[in-house]
Amino acid sequence: MDLKQLAYFVRVAELGSFTRASIALDIAQPALSRQVRLLEVELHQNLLVRNGRGVTLTEAGSVLLEHSRGVLHQIERLREELSRVRGALSGRVALGMPPSLSKRVAVPVTRAFRQRLPEAALSIIEGLSVTMQESLVSGRLDIALVYNATPSPDVDLIPLLDEALYLIQRSDDPAAGEPITLKDLARQPLVIPSRPNSIRMLVETELGKLGLHPEITLEIDGVPTILDLVADGAGRAVLTRNAVLTAATPSLFATRPIVSPQLQSRLSLALSSRRPSTGTQRAMLNLLEELIPQLLTTR
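Residues numbered from 1 in each chain as written. Predicted model: local features only at pLDDT ≥ 70, side-chain atom pairs only at ≥ 80, totals over all residues. Heavy atoms only, no water.

**Side note on the overall build of the chain**
For step 1, the next point in the chain: A count of helices and strands for the chain gives eleven helices and twelve strands.
For step 2, the next point in the chain: When the 299 residues of the chain are sorted by exposure, 47% land in the buried category.
For step 3, the next point in the chain: Look at the contacts in the chain between residues 6 or more apart in sequence, and 74% of them connect residues 24 or more apart. (Helix = DSSP H or I, 4+ residues; strand = E, 2+ residues; numbered from the N terminus. Buried < 20%, exposed > 50% of the residue type's maximum accessible area, 1.4 Å probe, protein only. Contact = heavy atoms within 4.5 Å.)

**Topic: the pairing of strand 9 (residues 215-219)**
For step 1, the next point in the chain: Sheet analysis places strand 8 (residues 189-192) next to strand 9, joined by four bridges and oriented parallel. Bridge pairing in strand 9 places P189 opposite E215.
For step 2, the next point in the chain: Considered for its hand, the β-α-β crossover made up of strand 8, helix 8 (residues 198-209) and strand 9 is right-handed. (Pairing = 2+ DSSP bridges. Right-handed = clockwise from strand over helix to strand, strands pointing away.)

**Description of the UniProt feature "domain: HTH lysR-type" (unreviewed entry) in the chain**
For step 1, the next point in the chain: Here, UniProt's "domain: HTH lysR-type" (unreviewed entry) annotation points to residues 1-58.
For step 2, the next point in the chain: Annotation note: span residues 1-58, helix share 62%, strand share 14%, distance between end C-alpha atoms 19 Å. (UniProt positions renumbered as here; feature names shortened; annotations may be inferred.)

**Examining the domain arrangement of the chain**
For step 1, the next point in the chain: Entries for the chain in the domain assignment read domain 1 (3-81), domain 2 (86-160 + 267-297) and domain 3 (162-265).
For step 2, the next point in the chain: Using C-alpha coordinates to define each centre, domain 1 is positioned 26 Å away from domain 2.
For step 3, the next point in the chain: Listed by partner, the interface residues are nine residues for domain 1 and 14 residues for domain 2.
For step 4, the next point in the chain: When domain 1 packs against domain 2, close to 970 Å² is buried across both sides, 40% of that on carbon and sulfur atoms.
For step 5, the next point in the chain: At the junction of domain 1 and domain 2, the tally comes to zero salt bridges.
For step 6, the next point in the chain: Where domain 1 meets domain 2, there are zero residue pairs in polar contact (both at pLDDT 80 or more).
For step 7, the next point in the chain: It is helix 4 (residues 59-85) that provides the largest number of residues to the side of domain 1 that touches domain 2, a total of eight residues.
For step 8, the next point in the chain: Its residues assigned to classes, the side of domain 1 that touches domain 2 shows no nonpolar, three polar and six charged. (Domains from an automatic or database assignment. Buried area = accessible area lost by both parts, 1.4 Å probe. Salt bridge = Lys/Arg side-chain N within 4 Å of Asp/Glu carboxyl O. Polar contact = N/O pair within 3.5 Å; in protein donor to acceptor, adjacent residues only side chain to side chain. Nonpolar A, V, L, I, M, F, W, Y, C, P; charged D, E, K, R; others polar.)

**A word on the environment of D232**
For step 1, the next point in the chain: Turning to its location among the elements, D232 is positioned in the loop between helix 9 (223-231) and strand 10 (237-240).
For step 2, the next point in the chain: Each C-alpha atom of the pair D232 and R170 lies 8.4 Å from the other, and the pair is 62 residues apart in sequence.

**Some remarks on unusual backbone geometry**
For step 1, the next point in the chain: Geometrically, the link from R195 to P196 is a cis peptide bond, its omega value of 10 degrees lying close to zero.
For step 2, the next point in the chain: By the secondary structure assignment, P196 is in the loop between strand 8 and helix 8.
For step 3, the next point in the chain: Geometrically, the link from S260 to P261 is a cis peptide bond, its omega value of 0 degrees lying close to zero.
For step 4, the next point in the chain: Examined against the element boundaries, P261 turns out to sit in the loop between strand 11 (253-259) and strand 12 (264-272).
For step 5, the next point in the chain: Here the phi dihedral of D26 falls at roughly 60 degrees; this positive angle occurs in a residue that is not glycine.
For step 6, the next point in the chain: Inspection of the secondary structure puts D26 in the loop between helix 2 (18-25) and helix 3 (29-43).

**Brief notes about the nonpolar core**
For step 1, the next point in the chain: I168, L185, V238 and L239 are the most contacted members of the largest nonpolar core, which totals 29 residues.
For step 2, the next point in the chain: Counting residues per element, this core draws most heavily on strand 6 (residues 155-170), at five residues.
For step 3, the next point in the chain: With near-sequence residues (within four places) excluded, L185 lies in contact with L167, I180, L190, V238, I258 and L263.
For step 4, the next point in the chain: In terms of nonpolar packing, the next biggest core, distinct from the first, is built from 27 residues, V93, A120, Y147 and L267 among them. (Core = buried A, V, L, I, M, F, W, Y, C linked by side-chain atoms within 4.5 Å.)

**Notes on the layout of surface pockets**
For step 1, the next point in the chain: Quantified by volume, the largest pocket comes out at close to 800 Å³.
For step 2, the next point in the chain: Lining the largest pocket are 26 residues, with V10, E14, R92, G139 and R140 positioned closest to its centre.
For step 3, the next point in the chain: Of all the secondary-structure elements, those providing two or more residues to the lining of the largest pocket are helix 1 (3-15), helix 4, strand 4 (120-126) and helix 6 (129-138).
For step 4, the next point in the chain: Ranked by the residues each element gives to the lining of the largest pocket, the list is headed by helix 4, at eight residues.
For step 5, the next point in the chain: When grouped by side-chain class, the residues that make up the lining of the largest pocket number nine nonpolar, six polar and eleven charged.
For step 6, the next point in the chain: Mapping the lining of the largest pocket onto the domain boundaries places at least three of its residues in each of domain 1 (3-81) and domain 2 (86-160 + 267-297).
For step 7, the next point in the chain: Taken as a whole, the second largest pocket encloses approximately 510 Å³ of empty space.
For step 8, the next point in the chain: In terms of lining residues, the second largest pocket is bounded by 29 residues, among which P98, P99, S100, N197 and V223 are the most central.
For step 9, the next point in the chain: Listing elements by their share of the lining of the second largest pocket, those giving two or more residues are helix 5 (99-116), helix 6, helix 8, helix 9, strand 10 and helix 10 (241-245).
For step 10, the next point in the chain: In terms of residues, the lining of the second largest pocket owes the most to one element, helix 5, which gives five residues.
For step 11, the next point in the chain: Split into classes, the residues belonging to the lining of the second largest pocket amount to 15 nonpolar, ten polar and four charged. (1 Å grid on protein atoms, 1.4 Å probe; cavity = no way out; pocket = protein on both sides within 12 Å on 5 of 7 lines; lining within 4 Å. Points joined across faces, edges and corners; volume = space filled by probe spheres on them.)

**What to know about the side chain of S129**
For step 1, the next point in the chain: The residue S129 is located in helix 6 in this model.
For step 2, the next point in the chain: Given the relative accessible area of 10%, S129 is considered buried.
For step 3, the next point in the chain: A polar side-chain atom of S129 sits 3.0 Å from the main-chain amide nitrogen of Y147.
For step 4, the next point in the chain: In this view, S129 contacts P98, V146 and Y147; residues no more than four positions away in its chain are not counted.

Structure follows, in structure tokens:
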């Protein structure tokens, strides 16, 4: 089986279009179609269904896509390990992080990566913590920064720090800055992400222990939009202080500590337990363990 054909197939499948894939791969569309068709002939299976809107995967195509990602990932790791033998840390690291965290740490992490690993390449993919854990298992990510990760035999977790959660409200609202109990939090109109967002799940779980449910005014996926709605008076939010610091105008908001008990969001490094880490990935892990706590505890 030709590795180049596998790589072409994966790109077409992920982009859902021969046209988009040919642009991304910088290859003529007829040549790309021919290579994928040769792969189908070799496997005696139709992998893609062509239609006017692009392509969709057949059942056989879905199976091949899952395995091809793993195969291509392992080839990339082999190249990295061979580069290590000659004394260089090269290759590519795919790092996942939540959008709210990316806004605060992506630039300094990228800067440090370039300084420490000049021959390696970094890609940063934003996503929900639950989705990123699945991407680690499938091989689309090498490392992820995840909040409140659920333990899994497929994923190893390295705790980095616990961040306190606050009730976020307008700075001109009553009781701004005063602590609020978890029980009283249940009576606050919340603008909150939809499930399975890690903070949403944590709030519901902890209130459930008290026999309570959150009062949800709006479900919005995206910290900037949540803060915009809080500033507009639509409700209040439960976020970390760092999330507020990324707002365009942090002074618009007041942070109220949640007490009795305190709510904390745990940030961890996650990586697949099914695949050994390369030297480049281990160097990236060391960088993140050193840098992320500094970035998030510095005001």
